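Residue-level listing of the chains:
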Amino acid sequence: MELIGILSPMSIMLCFLGVLIGIIFGSIPGMTATMAIAIFLPITYALDMIDSIGLLIGLYVGGISGGLVPAILLNIPGTPSSLCTTFDGYPMTQNGQGEKALKVGITASVIGGLLSLTILYFFAPLLASVAIDFSSVEKFLIIIFALTIIASISKGSLLVGMFSGILGVFISLIGTFADNNEMRLIPPGLEDQLVYGFSLLPVLIGLFAIGQMLIEAEEGMKPATHQNIELNKGEKSKFKFRVFKNQIVNLCRSSVLGTFIGILPGVGGSAASITAYSQAKSFSKKPGNFGKGEPEGLIASESANNGLTGGALIPLLSLGIPGDSTTAILIGAFLLQGIEVGPLFIPTNPDLWSGIIFALILANIVMFALMFFSIRYFAKIVYIPKYIIFPIIIVMCAVGSYAINNGVMFDVWTLLLFGLAGYIFMKIGIQIPPFLIGFILGAQCEKYFIDSLKGSGGDLTIFFTNGPVAIGLWVLIIAALAYAIFDNLRSKKNETREAA
Amino acid sequence: MEDLLTVELTFSEYHIIFPRIIITILLILGAMIVFRYFYKRVKQGSSKKREFSFFMANYDKSKLFGSAILLFLYPFMMELLGFLISTILFMFVITLLFIGKVQKKALFTSLTNALATTFVVWYVFGQVFDITLP
């Protein structure tokens, strides 16, 4: 079988482990798939690329799926992407149908995941083959487009979102510019430490894990209140696959929606699940039941957020642009192994490409098997006290940051600095996802900008006159901005109407 | 700069062209945010002052500042005492801080958490995967 040939037994085992740990992370409110991947990234340093892909994909799929457990049982989304799962999942638990709700969610998840990876398999090479001919002008504009979308859909205002993204670009410029080997923007006294700028990994882990830890510490590390939940009440509450009989259209629509929302850079899982949920509601024959424990809504939300996993990988593997903050961290994994993701990735690394696909299939199946048959045990994870988990996470973050460049204490300081920054950002409203994507893409953005200007002799009009693709990208950028402004105005109008 | 649509390219100045543009955009956006903030306040009038507080109401002072200080001390301890001793100490104190009370059970939990984590991290990272530890 080809599967065994491409994925070594080691990577299959790691994928299994990744799913398990991912589910645990997803199940604990406040911890996300992104955090799980960030923390385990340093381990991949010691692994082969294919083995680390197994582990990371496992963590990704497990982390997104695990979020449904607290969403259904406690009415707290374990990850932002399971927000809409609470709408119908929790009422089902209150009706004594907890186990049924969990199993419906798990089945919807695996179908969403598998459908989206089929789309990934056919769509990513196609997009990559178009992108191969792009010059630095188009590449620059794609990055600008990605940053615009992220800024325009981020919570709060467009201005602040754009500010956050550009701030990320700015921080990424600290260090040396490779073209002429000149240093810039380095604070005096830190020239030795910052010759190459801040390392990616400590910045990522700091923003996500340490910042979140400080927020939780401020709230007093309260454990989830322990309630006695009756998972299964009576014969009527038993899970049967018959629930899905009339849901095939809903399943496919939600999975495909989730996948395509995942393709848009920076649009996270919560948007996917909200869109699919509202679509399912408007197409449903019994929209009145939504929000009262209707499996249909649960199916929409869960298949959409797992559909996201394949979708978010499409721009990453074909253009080198991450679809969400989790895939942004996956870029870090590729860079650690010295592999550059971009249009050439699939043609030059065919083994790795099929490895990713197989790992996704495997992770989805493992996730289903693990959760479906032992959901009663996973249901207990939501009660693991945070005061045990967070200290462990800090130590793993510190060790990981230290190890990433083979023992540099400055990286641990970077971790703490950005942890503090992440905490302050969350307080004053600076958006972390745009900041992060700006930070990751900043250096490339500059390189393509300068390369384009070199080609045109400094003429800035090159960005508008370089063929139809460039003009198309400008249209997209303007459309994204216009949508954001329109959306902003509309929600303001609604606010004033509600206030009046 | 010759005119607005042309950038003068000199090899020795490649590295400052883009940062200059980014800083300019940042300043413009920052100014717009500040302007909008004050514009809103003036429009709303001084009667309805919007209170902004950095910390949430009734926030846990000891846990927040305690963990921040411990985080700051941890790297120093690692350089002084090495990974094993400093991590056991750090884990013990921070778990105790997060539990928030000194009782026999809390002490026991913290100690177990400290010893188990330190050993597992040391073994898995340092020995199995051969990753450099502080």
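Residues numbered from 1 in each chain as written. Chains lettered and ligands numbered in written order. Predicted model: local features only at pLDDT ≥ 70, side-chain atom pairs only at ≥ 80, totals over all residues. Heavy atoms only, no water.

### Brief notes about the overall build of chain B
- Counting its secondary structure elements, chain B contains four helices and zero strands.
- In sequence order, chain B lays out its α and β elements as α-α-α-α.
- Split into buried and exposed, the 134 residues of chain B put 32% on the buried side.
- The long-range share in chain B, meaning contacts at least 24 apart out of those at least 6 apart in sequence, stands at 40%.
- A total of about 8,900 Å² of accessible surface is found on chain B, and carbon and sulfur atoms cover 68% of it. (Helix = DSSP H or I, 4+ residues; strand = E, 2+ residues; numbered from the N terminus. Buried < 20%, exposed > 50% of the residue type's maximum accessible area, 1.4 Å probe, protein only. Contact = heavy atoms within 4.5 Å. Areas by Shrake-Rupley, 256 points an atom, 1.4 Å probe, with all protein chains shown as cover.)

### Notes on the UniProt feature "transmembrane region" (unreviewed entry) in chain B
All names here are of chain B.
- The UniProt feature table records "transmembrane region" (unreviewed entry) at residues 17–39, 51–74, 80–99 and 106–125.
- With 100% helix and 0% strand, residues 17–39 has its two end C-alpha atoms placed 33 Å apart.
- In residues 106–125, helix accounts for 100% and strand for 0%; the two terminal C-alpha atoms are 28 Å from one another. (UniProt positions renumbered as here; feature names shortened; annotations may be inferred.)

### Concerning the packing of aromatic side chains
- What the rule picks out here adds up to 24 aromatic pairs over all chains.
- Grouping aromatic residues by their ring pairs yields a cluster made of A:Phe140, A:Phe449, A:Phe463 and B:Phe18.
- Directly above the aromatic system of A:Phe372 lies the positively charged group of A:Lys103, at a separation of 4.9 Å from the ring centroid. (Phe/Tyr/Trp six-rings, centres within 6.5 Å; stacked < 30°, edge-to-face > 60°. Lys NZ or Arg CZ within 6 Å of the ring centre and 35° of its normal.)

### Some words on the layout of surface pockets
Residues and elements named next belong to chain A.
- As a volume, the second largest pocket reaches approximately 1,300 Å³.
- Tyr196, Phe198, Leu200, Leu335 and Ala443 are, among the 40 residues lining the second largest pocket, the residues nearest its centre.
- Listing elements by their share of the lining of the second largest pocket, those giving two or more residues are α9 (158–173), β1 (175–177), α10 (200–219), α14 (325–336), α18 (409–428) and α19 (432–456).
- Looking at which element gives the most residues to the lining of the second largest pocket, the answer is α19, with eight residues.
- Class assignment of the residues belonging to the lining of the second largest pocket gives a composition of 23 nonpolar, eleven polar and six charged. (1 Å grid on protein atoms, 1.4 Å probe; cavity = no way out; pocket = protein on both sides within 12 Å on 5 of 7 lines; lining within 4 Å. Points joined across faces, edges and corners; volume = space filled by probe spheres on them. Nonpolar A, V, L, I, M, F, W, Y, C, P; charged D, E, K, R; others polar.)

### Observations regarding the confidence of the model for chain B
- Across chain B, the average pLDDT comes to 81, with 87% of residues at or above 70.
- Mean pLDDT across the secondary structure elements of chain B bottoms out at helix α4 (residues 104–128) of chain B, with 83, and peaks at helix α3 (residues 83–99) of chain B, with 89. (pLDDT = per-residue confidence, 0-100.)

### Some remarks on the packing of helix α17 (residues 386–404) of chain A against α18(A)
Residue and element names in this part refer to chain A.
- Put simply, α17 and α18 touch, their axes get as near as 7 Å, and they point 135° apart. As judged from the angle between their axes, α17 and α18 are oblique. As for how α17 packs across α18, the hand of that crossing is right-handed. Across the interface between the two elements, Cys397, Ala398, Ser401, Tyr402 and Ile404 from α17 touch Met409, Asp411, Val412 and Leu415 from α18.
- In terms of residue class, the contact of α17 with α18 is made up of seven nonpolar, one polar and one charged. (Axes fitted to C-alpha atoms, helices over the stretch in contact; angles between N-to-C directions. Parallel < 35°, antiparallel > 145°, perpendicular 65-115°, else oblique. Left-handed = near helix turned anticlockwise from the far one by under 90°.)

### Digging into helix α4 (residues 49–66) of chain A
- For α4(A), with 18 residues, the first-to-last C-alpha span of 25 Å sits near the 26 Å given by 1.5 Å per residue.
- For α4(A), a buried count of 18 out of 18 residues is recorded, marking the element as mostly surrounded by other parts of the structure. (Expected span 1.5 Å × (residues − 1).)

### Some details on the interface of chain B and chain A
- Every contact between the two is made by 58 residues of chain B and, on the other side, 64 residues of chain A.
- Across the chain B/chain A interface, buried area totals approximately 5,400 Å², and carbon plus sulfur atoms make up 82% of it.
- Per-residue buried area on chain B facing chain A is highest for B:His15, B:Phe18 and B:Phe98; these three make up 13% of the total on that side.
- Along the contact surface separating chain B from chain A lie zero salt bridges.
- Our enumeration of links across chain B and chain A arrives at three residue pairs in polar contact (both at pLDDT 80 or more).
- Of all the elements in the fold, those that place two or more residues in the side of chain B that touches chain A are α1 (14–44), α2 (61–81), α3 and α4 of chain B. (Buried area = accessible area lost by both parts, 1.4 Å probe. Salt bridge = Lys/Arg side-chain N within 4 Å of Asp/Glu carboxyl O. Polar contact = N/O pair within 3.5 Å; in protein donor to acceptor, adjacent residues only side chain to side chain.)

### Quick word on the pattern of salt bridges
Residues and elements named next belong to chain A.
- For the structure shown, the criterion picks out eight salt bridges over all chains.
- Across the pair aspartate 451 and lysine 447 runs a salt bridge whose closest N-O atoms are separated by 3.4 Å. Here lysine 447 and aspartate 451 lie together in helix α19, a separation of four residues that amounts to about one turn.
- Of the residues examined, lysine 447 reaches a relative accessible area of 42% and is grouped as partly exposed.
- Taking the shortest distance from any N to any O, the salt bridge between aspartate 451 and lysine 454 comes out at 3.6 Å. Highlighted residues: aspartate 451 and lysine 454, both in helix α19, separated by three residues, approximately one helical turn.
- Take lysine 454: its relative accessible area is 36%, and that puts it in the partly exposed class.
- By sharing partners, the salt bridges in this structure join Glu99, Lys103 and Arg376 into a single network.

### Here's the deal with the environment of A:Ser452
Residue and element names in this part refer to chain A.
- One can find serine 452 in helix α19.
- In this structure the C-alpha to C-alpha distance between serine 452 and phenylalanine 140, which are 312 residues apart in sequence, comes to 8.3 Å.
- Once you skip the residues sitting within four places of it in the chain, serine 452 turns out to touch Ser136, Val137, Ile462 and Phe463.

### Describing the nonpolar core
- Counting 187 residues, the largest nonpolar core has A:Leu317 and A:Phe334 as its most contacted members.
- Of the residues forming this core, the biggest block, 18 residues, is contributed by helix α16 (residues 350–381) of chain A.
- Here this core spans two domains, and each of domain 1 (1–52) and domain 2 (61–128) of chain B adds at least three residues to it.
- Excluding anything up to four places from it in sequence, A:Leu317 contacts A:Leu120, A:Phe334, A:Val341, A:Gly342, A:Phe345, A:Ile346, A:Trp353 and A:Ile356.
- If you look at the next biggest cluster of nonpolar residues, it comprises seven residues, including A:Ala276, A:Ala280, A:Phe290 and A:Ala300. (Core = buried A, V, L, I, M, F, W, Y, C linked by side-chain atoms within 4.5 Å. Domains from an automatic or database assignment.)

### Structural notes on the environment of A:Ser136
Residues and elements named next belong to chain A.
- In this fold, serine 136 is placed in helix α8 (residues 136–153).
- According to the relative accessible area criterion, serine 136 is buried, its value standing at 19%.
- As for serine 136 and leucine 453, which are separated by 317 residues in sequence, their C-alpha atoms are 9.4 Å apart.

### Comments concerning α17(A)
Residues and elements named next belong to chain A.
- The end-to-end C-alpha separation of α17 is 26 Å, in line with the 27 Å expected for 19 residues at 1.5 Å each.
- Among the 19 residues of α17, 16 are classified as buried, and the element is accordingly described as predominantly covered.
- Just beyond α17, the residue with positive phi is asparagine 406, at close to 65°.

### A closer look at a nonpolar patch on the surface
Residue and element names in this part refer to chain B.
- On the surface, a nonpolar cluster with roughly 480 Å² of combined accessible area is contributed by Phe65, Ile69, Phe72, Leu73 and Phe76.
- Its location among the elements puts leucine 73 in helix α2.
- You can call leucine 73 partly exposed: its relative accessible area is 39%. (Patch = residues over 30% accessible without salt bridge, like charges linked within 9 Å, V, L, I, M, F, W, Y side chains within 5 Å.)

### Observations concerning the domain arrangement of chain B
- One can read the domain layout of chain B as domain 1 (1–52) and domain 2 (61–128).
- Relative to domain 2 of chain B, the C-alpha centre of domain 1 of chain B lies at a distance of 43 Å.

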